[in-house]
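Remarks on the overall topology
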Amino acid sequence: LRVGIGISYSGREEQPVYVRDGSSPAIGISIENAWGGDVVDITDMYFYIPKGIKVDSELSGNPASYSCPFEYLGVVDDLNMYRLNQQTKEEMFTTYYEADLPILGDTSLSGNERNFLCWLEIEDGFAGTLYTEKEYIVDVKYIYRTNQRATPMTIVDTTTEEIPA
């Protein structure tokens, strides 16, 4: 599973991101099935952003929106911690299997990719320094199933003189 994370301000994807008091940048998170198997389930997903930055619940519509289905859990190691809302996760990533074959729904990552966009709220005083490097973390736990392959084989008994055609 490939996970991408990006921060933008006013729709521009320029780095570094200039954060000002009262500004509303956004964080985008993309998860993509980059290999040949199936992501059967996203069991859990967290993201961490610096203390002083929070998800703007009103603009993002979280945790009920599919765009930003994350709920605030608190501060861990000086980072604000958010978790994928479990009820919304079930609605977004459900695939029903029977005899190991999907019978209803698409793979849990429909179209191989899922994107999230959360608007951020910058607390007053956070942007007080000229240049600061901050850490953003995404942690995804998932169940992955490789595709089954069958290779036909012909077995020949070499102890006899005759070789079958």
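This text follows the structure it describes.
Here we summarise the structure given alongside this text. Every chain is numbered independently, its residues counted from 1 as its sequence is written. Under the rules for a predicted model, residues below a pLDDT of 70 receive no local features and side-chain atom pairs below 80 are neither given nor counted, while totals for whole chains, interfaces and linings still include all residues. With hydrogens and water set aside, each side-chain value is computed from the structure's full complement of heavy atoms.

Further remarks concern the packing of aromatic side chains. Any pair of Phe, Tyr and Trp rings, taking the six-membered ring for Trp, is counted once the centres come within 6.5 Å. Such a pair is stacked with planes under 30 degrees apart, edge-to-face with planes over 60 apart, and tilted for the rest. One pass over the full model with this rule turns up four aromatic pairs. Ring centres of F47 and F70 lie 4.8 Å apart, and the angle between their planes is 90 degrees; this geometry places the pair in the edge-to-face category. One end of the pair, F47, is in strand β3 (residues 38-50); the other, F70, is in strand β5 (residues 70-76), and 23 residues separate them in sequence. Judged by its relative accessible area of 0%, F47 is buried. Taking 5.1 Å as the distance between ring centres and 10 degrees as the angle between the ring planes, the aromatic pair formed by F47 and Y82 counts as stacked. Residue F47 is located in strand β3, and its partner Y82 is located in strand β6 (residues 79-84); the two are separated by 35 residues in the primary sequence. By relative accessible area, which is 3% here, Y82 ends up buried. Chaining the aromatic ring pairs together yields one cluster made of F47, F70, Y72, Y82 and F116. Numbering of helices and strands starts at the N terminus; helices are DSSP runs of H or I of at least 4 residues and strands are runs of E of at least 2. Whether a residue is buried, partly exposed or exposed follows from its accessible area with a 1.4 Å probe, protein chains only, as a fraction of its type maximum: under 20%, in between, or over 50%, in that order.

Attention shifts here to the sheet that holds strand β10 (residues 137-145). When DSSP finds two or more bridges between two strands, those strands count as paired. In space, the four strands of this open sheet follow the order β5-β6-β3-β10, with antiparallel pairing throughout. On the outer flanks of this sheet lie β5 and β10, each paired with one strand and no other. For this sheet, the mean angle separating the axes of adjacent strands, direction not counted, is 20 degrees. Helix axes are fitted to C-alpha atoms over the stretch in contact, other axes to C-alpha atoms as well, and angles between N-to-C directions run from 0 to 180 degrees.

Relative to the helices and strands, S60 is located in helix α1 (residues 57-60). The exposure class of S60 is buried, given its relative accessible area of 6%. Within the structure, S60 has its side chain in polar contact with the backbone nitrogen of W119 (distance 2.8 Å). The definition of a polar contact used here is a pair of N or O atoms within 3.5 Å, where within protein one atom must be able to donate a hydrogen and the other to accept one, and adjacent residues in sequence count solely through side-chain atom pairs.

A word on the nonpolar core. Among the buried residues, those of types Ala, Val, Leu, Ile, Met, Phe, Trp, Tyr and Cys that are joined through side-chain atoms within 4.5 Å form a nonpolar core. Counting 22 residues, the largest nonpolar core has I27, M45, F47, I49, V55 and F70 as the members making the most contacts within it. Broken down by secondary-structure element, the contributors of at least two residues to this core are β2 (26-32), β3, β4 (53-55), β6, β9 (113-122) and β10. Here the element with the most residues in this core is β3; it accounts for five residues. Residues count as neighbours in contact if any of their non-hydrogen atoms are within 4.5 Å of one another. Beyond its immediate sequence surroundings of up to four residues, V55 is in contact with F47, I49, S60, N62, C68, Y82, C118, W119 and L120.

As a further point, take the pairing of β9. Where β2 lies against β9, seven bridges are found, and the strand directions are antiparallel. When the sheet's bridge partners are listed, I31 is paired in β9 with R114.

Moving on, we come to the side chain of S30. Here S30 is to be found in strand β2. In terms of polar contacts, S30 uses its side chain to reach the side chain of N115, at 2.9 Å. Leave out the neighbours within four places in its chain, and S30 touches R2, V3, G4, E113, R114 and N115.

When a carboxyl oxygen of Asp or Glu lies within 4 Å of a side-chain nitrogen of Lys or Arg, that pair is called a salt bridge. Scanning all chains against the criterion turns up three salt bridges. For R83, the salt bridge identified is with D44, shortest N-O distance 2.8 Å. With R83 in strand β6 and D44 in strand β3, the pair connects residues that are 39 residues apart, well separated along the chain. The class for D44 is buried, based on a relative accessible area of 10%. Close ionic contact of K51 with D78 constitutes a salt bridge, the shortest N to O distance being 3.4 Å. Taken together, the residues K51 in the loop between β3 and β4 and D78 in the loop between β5 and β6 connect sequence positions 27 residues apart. By relative accessible area, which is 46% here, K51 ends up partly exposed. Relative accessible area serves as the criterion here: at 52%, D78 is assigned to the exposed category.

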